[in-house]
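Working through the structure, step by step
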Amino acid sequence: MYILKNAVTSIRRSKGRNILIGIIIIVIAVSCTITLAIRESANKIINAYEEKNEIESTIEMNRESLMSYLRDGDKTQEQMVEAFNNIENITEEEIINYGNSDYVKSFYYTYTINVDAKDLTEATDSLVKETTTTKTETSTKTRTRNFGGNPPKGGPGGPISSGGSRTTTTTQKKTTTTKIEKIFNEKAGSGAFSLIGYNSYEAMKEFINGDYIITSGEVSSDFNSNNCVISEELATLNKLSVGDTITIVDPNNNSNTYTLTITGIYKENTTSSGSMSDMFSTSANNIITNVNFIKTILEKNENLKPTITPTFIIKDEESVELFSNEVLKKGLSEYYKVTNNLEEIQNATKSISNVKTFATTFLIITLSIGGVVLIVINMINIRERKYEIGVLRTIGMKKSKVSLQFMSELLIVCIISLMIGASIGSLLSVNVSNKLLENEIQNSMEEYEDISHNFGRGHIEESSLDQSETKESTENNTVEQNETKESTENNKEIENNENVEDKQSSSESNTEEPKEEKYNFGIANVNEVNSIDAVVDFKILLELLGIGVSLTLISSLATMIAISRFSPLTILKERS
Amino acid sequence: MKKIKNEENNTNSKNILSIKNVNYRYKDAARDEYVLKDINYDFEKGKVYAIRGRSGSGKTTLLSLISGLENKYEGSILYKNKELKKMDLDLYRNTNIEIVFQSYNLLPHLTAEENIILSMDISKVKVRDKNEKAVKLMESVGLPKNLRSRRVLKLSGGEQQRVAIARSLSYNPEIILADEPTGNLDKETENEILDIFIRLAHEENKCVIIVTHSSNVCNKSDIVYELKKSK
């Protein structure tokens, strides 16, 4: 106890020395707080991104393997087509079998079949055209009479020169030809329309990505209904609108007809697809419905072969390769392969990862320099206090206790400085890190609103309104952070949740939709991203404390070695 | 508090400290270049001893051997018949012996009172009111009460030496070693300090060993040992 008392007295009586040490520790603490906060924020952003952009695996045609198979044995084109037809499609049972894996969080799939439709004009360029061209060949004979002056310049039809001349023109031949032109649309297949069935919003990637946007109505949330959405082009061509019905016809059996109610009309928003000469977008003839509806068609006609495209949500990075191996083991045909979007995700978070790496490097450098400076200052301090050590040792204080007193002094100064440094650092880092987070939160909210709009749920005006509210909320959160330093973690969570709820309720009141109608759309949980506002949290404070204690111990180690090597007699003799 | 017990006396039972055939040379000195050679002294409680000698005769070295600050010597130094080398020297220094230096060796950032209390803390002295005891000790060496909260650097040489003596009495040691305690003081103050040492020896039964050049100190001491430069 007396060691602590003596340490406090020593600190109080040697203000200059301790203020100098304190300033150094404050600088280290500020740097550490900022870098730790940035690192933590970067981590959270990466985690949030990874949460909303989950690792997905799918099964695709293995073209390399397929081509080598088709080329094998010098096949004719007909044989190649036959061989291709013999490769069996992946069945729903197989997908379910692959999906029931420890490495898979969830999975979904889409069904696609080609169908015809009654009284529905296909949006296509493949028309048989008969073109009549009338070609008129005209020959002109020019006769000029001069009444004096220069001859005309500029050839036939040139300006008439002044001075009395006269020109006469005569048409001699006229021919008419008829040309038949046939344009093929290879995509038309056996049925003119592609009927695509989804089993959840999560599976509707085109709407999530914004490739398709609802311009009228909405995508039905009932995945067991006879509802559909059609393209704007198809709707315009056939004068269809939301609430109208269309009749689907089995291409192999005209007597099998099915009625679909249009709940929404979408437009394709891609800029890269199609060429300049295409009149319609590639999705013009897509009719989007649900899997269950397609299954009812398939039940009536077993000859219709759907293309099933699966998507498996993989648990974590480590599971990607394991899942791929497992699928191969379960018997996936060699003409198919398992692909994933891991590289895409890693590329997307690369810049944030770089920020994290930079922050970590900066932290290490700061700690190294800070540690060395502290050790040096401590050594100088020890040399200055050699006499004090000599006296304490002479009056019987053990080396360990002298070391403990010096360590206590440094620890007290260190903790006080860390508290000041952490406060300053948190104030500064709130601005830096929240800037990063604010963008992220705003992006997430924008994304949510955009997707909501893509599905026909919500409008641009509302989303922009919500965005401005988000900004305000983010600012509120920043202010709250400073307050929450004193409050408990639970309180902080409650406050954040309240903010989220406020945001939700404001958004809901605008759209006049009940709370349950908020859909996840298979993306992120915007609420979770929103809660990454606590920049300097308890974890960072603990890390700072750890750093402070470590620095104290390291620099005290030098002190202890010095104290153990000091001979009190020598010190006192030097003094005398 | 651990106290060193009296063991069976091999020589004179009154001896608290015995130096037997002690030789000492510095680390960097030649093999036969001894500072102290064949030293044999006995010290009893209740007496004032003066050790005198010319400069370089090894007076301060002898004092550091007795105090346990240096223990690489030949021969033996016995404290109550127990070999000093085998003892916990930190405990020995903060319980049984106290050193008063010519340069006082007080902690400059502490007050007079705090210096005394720190010594009591290190020695783990159990006193109900350490402040009160410190003031009493200060008064016993002739220091007024009002100096208790003054930093030692603001005290005069005589006052600092009194604080050093008061500190040495704080844990009631049996031996008080003093290295030129009056070297920095005027004649009058020297006499006052000497009187305190004599009182401590004669009235409080302490063994006081003073290393000195001063003939005044030698005259007032009970026994004088003369150290001669070893050949």
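Procedures and definitions
- Residues numbered from 1 in each chain as written.
- Chains lettered and ligands numbered in written order.
- Predicted model: local features only at pLDDT ≥ 70, side-chain atom pairs only at ≥ 80, totals over all residues.
- Heavy atoms only, no water.
- Helix = DSSP H or I, 4+ residues; strand = E, 2+ residues; numbered from the N terminus.
- Buried < 20%, exposed > 50% of the residue type's maximum accessible area, 1.4 Å probe, protein only.
- Contact = heavy atoms within 4.5 Å.
- Areas by Shrake-Rupley, 256 points an atom, 1.4 Å probe, with all protein chains shown as cover.
- Phe/Tyr/Trp six-rings, centres within 6.5 Å; stacked < 30°, edge-to-face > 60°.
- Core = buried A, V, L, I, M, F, W, Y, C linked by side-chain atoms within 4.5 Å.
- Buried area = accessible area lost by both parts, 1.4 Å probe.
- Salt bridge = Lys/Arg side-chain N within 4 Å of Asp/Glu carboxyl O.
- Nonpolar A, V, L, I, M, F, W, Y, C, P; charged D, E, K, R; others polar.
- pLDDT = per-residue confidence, 0-100.
- Axes fitted to C-alpha atoms, helices over the stretch in contact; angles between N-to-C directions.
- Left-handed = near helix turned anticlockwise from the far one by under 90°.
- Patch = residues over 30% accessible without salt bridge, like charges linked within 9 Å, V, L, I, M, F, W, Y side chains within 5 Å.
- Lys, Arg positive; Asp, Glu negative; His and termini not counted.
- Charge placed at Lys NZ, Arg CZ, Asp CG, Glu CD.
- Polar contact = N/O pair within 3.5 Å; in protein donor to acceptor, adjacent residues only side chain to side chain.
- Pairing = 2+ DSSP bridges.

Another aspect to go through is the overall build of chain B. Along its length, chain B carries seven helices and nine strands. Counting the 231 residues in chain B, one finds 58% classified as buried. Restricting to contacts in chain B with at least 6 residues of sequence separation, those with at least 24 account for 72%. Counting only carbon and sulfur atoms, one obtains 43% of the accessible surface of chain B, whose full area is about 10600 Å².

The next point concerns the overall build of chain A. Looking only at helices and strands, chain A features 18 helices and 14 strands. Burial status across chain A gives 45% buried among its 576 residues. Within chain A, residue pairs in contact and separated by at least 24 positions form 83% of the contacts whose partners lie at least 6 positions apart. Looking at chain A as shown, the accessible area adds up to about 31000 Å², and 52% of this sits on carbon and sulfur atoms.

For any pair of aromatic rings, the description consists of the separation of the ring centres together with the inter-plane angle of the planes. If you walk through the whole model with that rule in mind, you get 16 aromatic pairs over all chains. Here A:Phe312 and A:Phe323 contribute two aromatic rings whose centre-to-centre distance is 5.0 Å and whose plane-to-plane angle is 55°, an arrangement assigned as tilted. Here A:Phe312 is found in strand 13 (residues 307–314), whereas its partner A:Phe323 is found in helix 9 (residues 317–329), with 11 residues between them in sequence. For A:Phe312, a relative accessible area of 0% translates into the label buried. Aromatic side chains B:Tyr41 and B:Phe43 sit 6.3 Å apart centroid to centroid with 75° between the ring planes, which places their arrangement in the edge-to-face category.

Counting residues in each nonpolar core, the largest one holds 52 residues, and the members touching the most others are A:Ile59, A:Leu195, A:Ile230, A:Ile246 and A:Ile287. Take this core: its biggest share by element is six residues, from strand 2 (residues 104–118) of chain A. Setting aside anything within four residues of it in sequence, one finds A:Ile230 in contact with A:Ala235, A:Leu240, A:Ile246, A:Ile262, A:Gly264, A:Ile265, A:Tyr266, A:Asn286 and A:Ile287. Among the nonpolar cores identified, the runner-up in size contains 36 residues, and B:Val125, B:Leu137, B:Leu185 and B:Phe197 belong to it.

Let us now look at the interface of chain B and chain A. How big an interface is tends to be stated in terms of the accessible area lost upon association of its parts. Across the contact, 27 residues belong to chain B and 22 residues belong to chain A. Carbon and sulfur atoms supply 58% of the area that chain B and chain A bury against each other, a total of about 2200 Å² over both sides. Counting every contact that joins chain B to chain A gives four salt bridges. A salt bridge links A:Arg393 to B:Asp90; the nearest nitrogen and oxygen atoms lie 2.9 Å apart. Broken down by secondary-structure element, the contributors of at least two residues to the side of chain B that touches chain A are helix 2 (89–95), strand 6 (97–100) and helix 3 (112–122) of chain B. Ranked by residue count, the leading element in the side of chain B that touches chain A is helix 3 of chain B, at five residues. Broken down by class, the residue content of the side of chain B that touches chain A amounts to 11 nonpolar, six polar and 10 charged.

With that out of the way, let us pick up the confidence of the model for chain A. Do not read the predicted coordinates in detail wherever pLDDT is low. The share of residues in chain A with pLDDT of 70 or more is 68%, and the mean pLDDT across the chain is 73. A low-confidence stretch, residues 459–518 of chain A (pLDDT under 50), is modelled with 57 contacts involving residues beyond four sequence positions or located in other chains.

Bringing the packing of helix 3 of chain B against helix 4 (residues 130–140) of chain B into the picture now. All names here are of chain B. Running from N to C, helix 3 and helix 4 cross one another at 115°; their axes reach a closest spacing of 9 Å. In this structure, the crossing between helix 3 and helix 4 has a hand that is right-handed. Of helix 4, the residues touching helix 3 (which contributes Ala 112, Glu 113, Ile 116, Ile 117, Met 120 and Asp 121) are Lys 130, Asn 131, Lys 133, Ala 134, Val 135, Leu 137 and Met 138. Residue classes in the contact of helix 3 with helix 4 are distributed as eight nonpolar, one polar and four charged.

Now for a positive patch on the surface. On the surface, a cluster of positive charge is made up of A:Arg12, A:Lys15, B:Arg150, B:Arg151 and B:Lys154. By secondary structure assignment, the location of A:Arg12 is in helix 1 (residues 2–13). Accessibility expressed as a relative area gives 49% for A:Arg12, which makes it partly exposed.

Another point: a nonpolar patch on the surface. Residues and elements named next belong to chain A. Taken together, the side chains of Ile 415, Met 419, Phe 538, Leu 542, Leu 545, Val 549 and Leu 553 define a hydrophobic patch exposed on the protein surface, amounting to about 630 Å² of accessible area. Elements represented by at least two residues in the nonpolar patch include exactly helix 13 (399–454) and helix 17 (538–565). It is helix 17 that provides the largest number of residues to the nonpolar patch, a total of five residues. On the secondary structure map, Met 419 appears in helix 13. Taking the relative accessible area as the measure of exposure, Met 419 reaches 56% and is therefore exposed.

Another point: the side chain of B:Gln161. Residue and element names in this part refer to chain B. On the secondary structure map, Gln 161 appears in helix 5 (residues 157–169). Polar side-chain contacts of Gln 161 include one of 2.9 Å to the backbone oxygen of Phe 101. With residues up to four places along the chain from it excluded, the contact list for Gln 161 reads Val 100, Phe 101, Gln 102, Tyr 104, Pro 181, Leu 185 and Ile 193.

An order of 2-1-4-5 (chain B) is seen for the four strands of this open sheet, with the pairing classed as antiparallel. At either margin of the open sheet sits one strand with a lone partner, and together these are strand 2 (36–44) and strand 5 (82–83) of chain B.

All names here are of chain B. For chain B, per-residue confidence averages 82 on the pLDDT scale, and 93% of positions sit at 70 or higher. Across residues 1–11, confidence stays below pLDDT 50; counting only partners more than four residues off in sequence or on other chains, it has 21 contacts. As a predicted assembly, this complex carries a pTM of 0.58 together with an ipTM value of 0.80.

Residue and element names in this part refer to chain B. Examined against the element boundaries, Ala 166 turns out to sit in helix 5. On the accessibility criterion, Ala 166 (0% relative accessible area) is buried. Each C-alpha atom of the pair Ala 166 and Ser 140 lies 7.6 Å from the other, and the pair is 26 residues apart in sequence. Discounting residues that sit within four places of it in the chain, Ala 166 has contacts with Ile 116, Leu 137, Met 138 and Val 141.

Glancing now at the pairing of strand 10 (residues 245–250) of chain A. Within a regular strand, the side chains alternate between the two sheet faces. By the bridge criterion, three bridges tie strand 2 of chain A to strand 10 of chain A in an arrangement that is antiparallel. In the sheet register, A:Lys118 faces strand 10 of chain A, and the bridge partner there is A:Thr247.

Next up on the list: the sheet that holds strand 8 (residues 207–212) of chain B. Residue and element names in this part refer to chain B. Pairing is parallel across the open sheet formed by five strands, whose spatial order is 6-7-8-3-9. Of all strands in the sheet, those bounded by a partner on one side alone are strand 6 and strand 9 (223–227). Across the sheet, the mean angle from the axis of one strand to that of its neighbour is 20°, orientation sign disregarded. Bridge count between strand 3 (residues 48–53) and strand 8: five bridges; the pairing is parallel. Across the sheet, residue Ala 50 finds its bridge partner in strand 8, namely Ile 210.

Inspection of every chain in the model, using the stated rule, returns 24 salt bridges over all chains. Among the ionic pairs, B:Arg52 bridges to B:Glu226, the shortest N-O distance being 2.8 Å. On the criterion of sequence distance, the pair formed by B:Arg52 in strand 3 and B:Glu226 in strand 9 is long-range, its members being 174 residues apart. By relative accessible area, which is 32% here, B:Arg52 ends up partly exposed. Between B:Glu204 and B:Arg199 there is a salt bridge, with the nearest N and O atoms lying 3.4 Å from each other. On the basis of relative accessibility, which here comes to 40%, the residue B:Glu204 falls in the partly exposed class. Residue B:Arg199 is classed as partly exposed on the basis of its relative accessible area, which comes to 22%. What emerges from the salt-bridge pattern is a single network uniting A:Arg17, A:Arg385, A:Glu388 and A:Glu409.

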